[in-house]
Amino acid sequence: MAKIHIEGSSDRPEVIKHYLDFIDRRSYSSLDAVMDDVYQETGIDLVNTKNMETTLSKLGLVNDQDRQRLTDYGRDIVEVLLYNEQLFYELLHFTYATAYHRSPRPDRAISWAYYHICDEFRRRGPVDFTDAKQEVVEAVMEEADRASDEALKDHGPLSNTSLTNYRRFIEPLDPSVYQSGEVTLRSFAPKELVLATIDHLYRTDVVSGTIGYGDLLELTGDTIDTVCTILLLQEESVTDVIEHVASMDARLSLQSDYQLRVRLTDPVEINDLA
């Protein structure tokens, strides 16, 4: 079954941060051993880590066979953490939102659900989180039922608990998208996340199966929707945000003639962003 329920009890993003950091620096043979050290050094105690390792494996952050060992992608994320803790939380959100696009398979259905929850809030924001929860659950479930993806053929349920757990991953984002019980869209996003998101469009066929680095990509329709969903960004801010990032990174440029188009000349590696 493709599991679309999002797990993540209280403090889950912070616990993931410590877990990845500790297994990067030391050798372990069990989750309990890692969490014992996390408790000794950070004071985080009695947190619910149910299915955390499984989720990290599905998202491509830890090794399938040895979940106390980072993948190359996980190592790149931890490298960012060493230099910029806030950016780590942005990239954790990015990973949840994009893992399914990178590899659309049943065990990454959690990422499909996360992306579509972001999309539903993007369409509704600003909105009271509690008031919108049930509506968002129903909309994403209907989308899953309609999806032609083979990977979602036999999907599990989404619930209000899934939404509460989702909220924990957007709470640390800065600029903020969740404050005083309300989900709002950002008018600005960190330049590193903007670069990673545009690179994501070039790496995957989420928008176009034929786009290659150096090609121009039209900023219309699906492209705008995908960028705004991942960044939780106001549509009217997209041009300004990309222009700002392009002024700081030579790989990215914006071209405006009859149509607004963006060009990324070279890949953006996650550990480049540190």
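Given the structure is predicted, the values throughout are model-derived calculations rather than measurements.

A. Representation of the overall build of the chain within the structure. Looking only at helices and strands, the chain has 11 helices and six strands in total. Here the chain has a C-alpha radius of gyration of 18 Å; the compact-globule value for 274 residues is 19 Å, and the two agree. Overall, the C-alpha framework of the chain stretches about 60 × 40 × 40 Å when taken along its three principal axes. Going through the 274 residues of the chain one by one, you find that 54% of them count as buried. When the accessible area of the chain is evaluated, it comes to approximately 12100 Å², of which 41% is carbon and sulfur surface.

B. How the structure looks around the environment of His5. Along the polypeptide, His5 turns up in the segment before α1 (12-25). Separated by 77 residues in the primary sequence, His5 and Leu82 place their C-alpha atoms 30 Å from one another. At a separation of 2.6 Å, a polar atom in the side chain of His5 contacts the side chain of Ser162.

C. Structural view of the sheet that holds strand β1 (residues 127-128). Pairing is antiparallel across the open sheet formed by three strands, whose spatial order is β1-β3-β2. In this open sheet, the two strands that pair with only one neighbour each are β1 and β2 (178-179).

D. Representation of the packing of α1 against helix α5 (residues 85-102) in the model. Viewed as axis vectors pointing N to C, α1 and α5 meet at an angle of 105°, and their least axial separation amounts to 11 Å. Compared by their axis directions, α1 and α5 come out roughly perpendicular. Here Pro13, Glu14, Ile16, Lys17 and Leu20 of α1 come into contact with α5, specifically with Glu85, Phe88, Tyr89, Leu92 and Tyr96. Broken down by class, the residue content of the contact of α1 with α5 amounts to seven nonpolar, no polar and three charged.

E. Here's a closer look at the nonpolar core. In terms of nonpolar packing, the biggest core is built from 94 residues, with Leu20, Phe121 and Tyr166 touching the most fellow members. In this structure, Tyr166 is in contact with Ile6, Tyr114, Ile117, Cys118, Phe121, Phe129 and Leu232, ignoring residues within four places of it in sequence.

F. Fine view of the pairing of strand β5 (residues 252-256). Pairing geometry for β5 and strand β6 (residues 260-264), over five bridges, is antiparallel. Paired with Gln255 across the strands is Arg261, a residue of β6. Between β5 and β6, which follow one another and run antiparallel, lie three residues.

G. Structural context of the packing of helix α9 (residues 191-203) against helix α11 (residues 238-246). Two elements in contact, α9 and α11, have axes separated by 10 Å at closest approach and are oriented at 100°. As the angle between them shows, α9 and α11 are arranged roughly perpendicular. Contact with α9, carried on its side by Lys191, Val194, Leu195 and Ile198, involves Val241, Ile242 and Val245 of α11 and no other residues of that element. Across the contact of α9 with α11, the residue classes break down as six nonpolar, no polar and one charged.

H. Structural context of the packing of aromatic side chains. Within the structure shown, the criterion is met by nine aromatic pairs. Between Tyr114 and Phe169, the aromatic rings sit 6.4 Å apart at their centres with planes inclined by 80°, giving edge-to-face as the arrangement. With Tyr114 in helix α6 (residues 109-124) and Phe169 in helix α8 (residues 160-170), this residue pair connects regions lying 55 residues apart in the sequence. Each of the two residues, Tyr114 as well as Phe169, counts as buried.

I. Highlighting unusual backbone geometry. With an omega of 0°, the peptide bond between Gly125 and Pro126 qualifies as cis. Here Pro126 is to be found in the loop between α6 and β1. Between Asp174 and Pro175 the backbone carries a cis peptide bond, its omega angle lying at 5°. As for its position among the elements, Pro175 is in the loop between α8 and β2. Positive phi, normally seen in glycine, also occurs at Asp11, with a value near 70°. With respect to the helices and strands, Asp11 occurs in the segment before α1.

J. Structural view of helix α7 (residues 129-146). Compared with the 26 Å implied by 1.5 Å per residue over 18 residues, the 25 Å span of α7 between its first and last C-alpha is a close match. The sharpest bend along α7 reaches about 30° and sits at Glu135. Among all positions of α7, only Phe129, Ala132, Lys133, Val136, Val137, Ala139, Val140 and Ala144 are buried. Looking at the buried residues of α7, the elements they touch are α6, β1, α8, β2 and β3 (182-183). Between the side-chain oxygen of the N-cap and the backbone nitrogen of Thr130 there are 3.1 Å, and the N-cap of α7 in question is Asp128.

The rules behind the values
Residues numbered from 1 in each chain as written. Predicted model: local features only at pLDDT ≥ 70, side-chain atom pairs only at ≥ 80, totals over all residues. Heavy atoms only, no water. Helix = DSSP H or I, 4+ residues; strand = E, 2+ residues; numbered from the N terminus. Rg over C-alpha atoms; globule rule 2.2 N^0.38 Å. Buried < 20%, exposed > 50% of the residue type's maximum accessible area, 1.4 Å probe, protein only. Areas by Shrake-Rupley, 256 points an atom, 1.4 Å probe, with all protein chains shown as cover. Polar contact = N/O pair within 3.5 Å; in protein donor to acceptor, adjacent residues only side chain to side chain. Pairing = 2+ DSSP bridges. Axes fitted to C-alpha atoms, helices over the stretch in contact; angles between N-to-C directions. Parallel < 35°, antiparallel > 145°, perpendicular 65-115°, else oblique. Contact = heavy atoms within 4.5 Å. Nonpolar A, V, L, I, M, F, W, Y, C, P; charged D, E, K, R; others polar. Core = buried A, V, L, I, M, F, W, Y, C linked by side-chain atoms within 4.5 Å. Phe/Tyr/Trp six-rings, centres within 6.5 Å; stacked < 30°, edge-to-face > 60°. Expected span 1.5 Å × (residues − 1). Bend = angle between axes of the 7 residues up to and from the residue.

All quantities given are derived from atomic positions and should not be read as evidence of function.
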